[in-house]
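Secondary and tertiary structure notes
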Amino acid sequence: MTDDILIHTHGRVGHISLNRPKALHALTLDMCHAMSAALSKWADDDQIEAVILDHAEGRGFCAGGDINLLRHSALNDGGASGRKFFHDEYQLNHQMMTYAKPIVAFMDGVTMGGGVGIALPCKYRVATENTRFAMPETGIGLFPDVGGGWHLSRLGGRLGQFLALTGARLDGAECLWASLEAADTDWAAKERDTLGTKSPQTCKVALRQLKESADLTDFADNMRMEYRIASRVLVRPDFAEGVRAVIVDKTNDPKWNPPTPEDVSEELLDSIFAPLPEGEEWTPLSP
């Protein structure tokens, strides 16, 4: 299906290796489909008792999703291909979260954004001395999706909000410490200073997202909410601008719109979280 995923078995264990090292194994739509297909096959195979998820080579486990595709979609097709990517990626997240057999994720190296989305649903997550864990979406005008609302809202204290807003990076030991209870004062102060560089819209979206996620009892409902958010945020000005400034031009000078938290109205937030038209809502994979 794609050379960017290696799929094989070892005795009674299924093995999925991400194999896109030049992009730090960032997920493409084909990679999501290949993973879903393998998991679906093994779910019905009595000879497979567990699944290992890792990366084939390079310094990253998974750096996220296909940001270039998403930006191109935002600028050129009204978000259509981007929504398709989000929809099917979220199906994979949900499939992994509800998978009957144990999945073991080896988060060896960069584990960010979409990489978090395929690691945290696993029953066992192995952090190493190379792990660099983060949800950095506020820096590019997106939001902590791929189940981020569910996972971050269930961390102790205000740690989830802190990670969502600042995009702070955790190493392997810090992941264990966070159980992924308040942060070290100097570390927290340093990260607090980064808030002024983040998208005000994204920060307020993330805070509402985590608040609403904390009250949900079904992961599918969380993914349905996140797909509504993603469908709207994808075509809002901040996403294309954030990717331009941080990833494309690397000038780190995004011009956010709205420019301040005060300018992000409750009406705008309501429109981002509102249900989608009939027939456009997110749905999980059929059993």
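Cut-off values and rules
Residues numbered from 1 in each chain as written. Predicted model: local features only at pLDDT ≥ 70, side-chain atom pairs only at ≥ 80, totals over all residues. Heavy atoms only, no water. Axes fitted to C-alpha atoms, helices over the stretch in contact; angles between N-to-C directions. Helix = DSSP H or I, 4+ residues; strand = E, 2+ residues; numbered from the N terminus. Contact = heavy atoms within 4.5 Å. Core = buried A, V, L, I, M, F, W, Y, C linked by side-chain atoms within 4.5 Å. Buried < 20%, exposed > 50% of the residue type's maximum accessible area, 1.4 Å probe, protein only. Parallel < 35°, antiparallel > 145°, perpendicular 65-115°, else oblique. Left-handed = near helix turned anticlockwise from the far one by under 90°. Nonpolar A, V, L, I, M, F, W, Y, C, P; charged D, E, K, R; others polar. Pairing = 2+ DSSP bridges.

**Details of the packing of helix α10 (residues 219-233) against helix α12 (residues 266-273)**
Packed helices, taken two at a time, are described by the angle their axes make and the gap between the axes. With their axes 7 Å apart at the nearest point, α10 and α12 run at an angle of 115° to one another. Across the interface between the two elements, Met 225, Arg 228, Ile 229, Arg 232 and Val 233 of α10 pack against Ser 271, Ile 272 and Phe 273 of α12.

**With respect to the nonpolar core**
Membership of the largest hydrophobic core comes to 72 residues, with the highest contact counts inside it found for Leu 18, Met 35, Leu 53 and Ile 118. With eight residues, α10 is the largest single contributor of residues to this core. Not counting chain neighbours up to four residues away, the residues in contact with Met 35 comprise Ile 5, Ile 16, Leu 18, Leu 27, Leu 53, Leu 92, Met 96 and Ile 118.

**Some words on the packing of helix α9 (residues 200-214) against α12**
At a minimum axis distance of 11 Å, the contact between α9 and α12 shows a crossing angle of 60°. Of the possible angle classes, the one that applies to α9 and α12 is oblique. Considering only the axes of α9 and α12, their crossing is right-handed. Only Glu 266, Leu 268, Leu 269, Asp 270, Ile 272 and Phe 273 of α12 make contact with α9, whose side of the interface consists of Gln 201, Lys 204, Val 205, Arg 208, Gln 209 and Glu 212. Of the residues that constitute the contact of α9 with α12, the class distribution is five nonpolar, two polar and five charged.

**Thoughts on the sheet that holds strand β9 (residues 170-171)**
Here four strands make up an open sheet; going across it, the order is β4-β6-β8-β9 and the pairing mixed. Every interior strand has two partners, whereas the edge strands, β4 (60-62) and β9, have only one. Of the strand pairs in this sheet, strand β8 (residues 132-134) and β9 are connected by two bridges, and their pairing is antiparallel. From the neighbouring strand, Phe 133 faces β9, where its bridge partner is Leu 170.

**Concerning the sheet that holds strand β7 (residues 124-127)**
Taken in spatial order, the five strands line up as β1-β2-β3-β5-β7 in an open sheet, and their pairing is mixed. On the outer flanks of this sheet lie β1 (5-10) and β7, each paired with one strand and no other. Neighbour to neighbour, the strand axes of the sheet diverge by 20° on average, direction disregarded. Relative to β7, strand β5 (residues 103-107) is paired through four bridges, and the arrangement is parallel. What sits directly across from Phe 106, in β7, is Val 126.

Purely geometric numbers; function is a separate question.
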